Amino acid sequence: MSMEDYDYLFKIVLIGNAGVGKTCLVRRFTQGLFPPGQGATIGVDFMIKTVEIKGEKVKLQIWDTAGQERFRSITQSYYRSANALILTYDITCEDSFRCLPEWLREIEQYANNQVVTILVGNKIDLAEKREVLRQRAEDFAEAQSMLYLETSAKESDNVEKLFLDLACELIREAKQNKLDNNDTAPMPGEGKTINYLSCCSLN
Ligand SMILES: Nc1nc2c(ncn2[C@@H]2O[C@H](COP(=O)(O)OP(=O)(O)OP(=O)(O)O)[C@@H](O)[C@H]2O)c(=O)[nH]1
């Protein structure tokens, strides 16, 4: 991979119960489509999209994990190197919301402690079937120091915003991290490519 390909490289991992729409969110963002009859993810899927933010190229590696319990031991191994986690639930499915504390325990146990986590309530196009009030989810996210966003992969609501906001936040943190660790900053001429994770794990 050439150093000139991008200014930043971030790894984003989607987690959450089976059927909440993780794969559809990734497909919508990376391919601009809502796949009909999306089957359950087996293990882990991987996609890449490069976006430009304020003139800087940001390469996003997006890992879509299977929500089904039987894949948990495979998916756990992807948490460690994630820069960001998208913890997804389905606003029409109370159960998927009730499982969030369980997912937070997984994050606590397996993710890097600098990971940025965003809580996403998906399927807002199904407003009439809503089971989880927005305020309740917002309060939960705030109590856990998570960002919160509601999306519809189907209608393409907030999907772009989700990934771009996350990328902005990761850039902000990477820059802060560089400022805080002057001695690990790249030498002039080394370019400004930052593998955020390797920055963190050196500290
Ligand atoms: N109405 C509506 N349906 C959605 C939306 N996103 C996903 N779905 C549907 O929800 C079902 C599950 O979507 P997936 O993307 O496969 O869910 P997943 O979280 O990846 O599931 P696993 O791979 O089993 O973990 C599919 O039937 C989708 O068509 C949405 O925004 N609105």
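None of these values were measured; they are calculated from a predicted model.

**Student:** Explain the overall build of the protein chain to me, please; I cannot follow it from the model alone.
**Tutor:** Secondary structure summary: the protein chain contains seven helices and seven strands in total. Order of helices (α) and strands (β) in the protein chain, N terminus to C terminus: β-α-β-β-α-β-α-α-β-α-β-α-β-α. A buried classification covers 49% of the 203 residues belonging to the protein chain. In the protein chain, 74% of the contacts between residues at least 6 apart in sequence involve partners at least 24 apart. Accessible area for the protein chain stands at about 10,400 Å²; split by element, carbon and sulfur atoms hold 48% of it.

**Student:** Could you clarify how one ought to interpret the nonpolar core in this entry?
**Tutor:** One recurring pattern in soluble globular proteins: nonpolar side chains tend to sit buried together. Counting residues in each nonpolar core, the largest one holds 29 residues, and the members touching the most others are Phe10, Val58, Leu60, Ile86 and Phe163. Every element with two or more residues in this core is listed here: β1 (8-15), α1 (22-31), β2 (44-53), β3 (56-65), β4 (84-90), β5 (116-122) and α6 (159-180). Sort the elements by how many residues they give to this core and α6 lands first, with eight residues. The contacts of Ile86, once residues within four sequence positions are left out, are Ile12, Val13, Leu14, Ile15, Ile118, Val120, Leu162, Phe163 and Leu166. Of all hydrophobic cores here, the second largest spans 24 residues; its members include Leu85, Leu104, Val132 and Phe140.

**Student:** Explain the side chain of Glu106 here, please?
**Tutor:** Tracing the backbone shows Glu106 in helix α4 (residues 100-110). One buried charged residue, Glu106, forms no salt bridge at all, with the nearest opposite charge on Arg72 at 4.7 Å. Not counting the four nearest positions on each side in its chain, Glu106 is found in contact with Arg72, Gln76, Tyr79 and Ala111.

**Student:** Is there a simple way to explain the site of the ligand in this structure?
**Tutor:** Inspection of the region around the ligand gives 22 residues, with Lys22, Thr41, Gly67, Asp125 and Ala153 positioned closest. Within the contact set of the ligand, an oxygen atom lies 2.9 Å away from a backbone nitrogen or oxygen of Gly19. In the model, a nitrogen atom of the ligand is placed 3.2 Å from a nitrogen or oxygen of the Asn122 side chain. Considering the ligand on its own, with 650 Å² of exposed area, one finds that the protein chains cover 86% of that surface. Among the elements that take part in the shell around the ligand, α1 stands out by supplying three residues, more than any other. Residues that form the shell around the ligand fall into these classes: eight nonpolar, 10 polar and four charged.

Rules used in this analysis
- Residues numbered from 1 in each chain as written.
- Predicted model: local features only at pLDDT ≥ 70, side-chain atom pairs only at ≥ 80, totals over all residues.
- Heavy atoms only, no water.
- Helix = DSSP H or I, 4+ residues; strand = E, 2+ residues; numbered from the N terminus.
- Buried < 20%, exposed > 50% of the residue type's maximum accessible area, 1.4 Å probe, protein only.
- Contact = heavy atoms within 4.5 Å.
- Areas by Shrake-Rupley, 256 points an atom, 1.4 Å probe, with all protein chains shown as cover.
- Core = buried A, V, L, I, M, F, W, Y, C linked by side-chain atoms within 4.5 Å.
- Lys, Arg positive; Asp, Glu negative; His and termini not counted.
- Salt bridge = Lys/Arg side-chain N within 4 Å of Asp/Glu carboxyl O.
- Near = heavy atom within 4 Å.
- Polar contact = N/O pair within 3.5 Å; in protein donor to acceptor, adjacent residues only side chain to side chain.
- Nonpolar A, V, L, I, M, F, W, Y, C, P; charged D, E, K, R; others polar.

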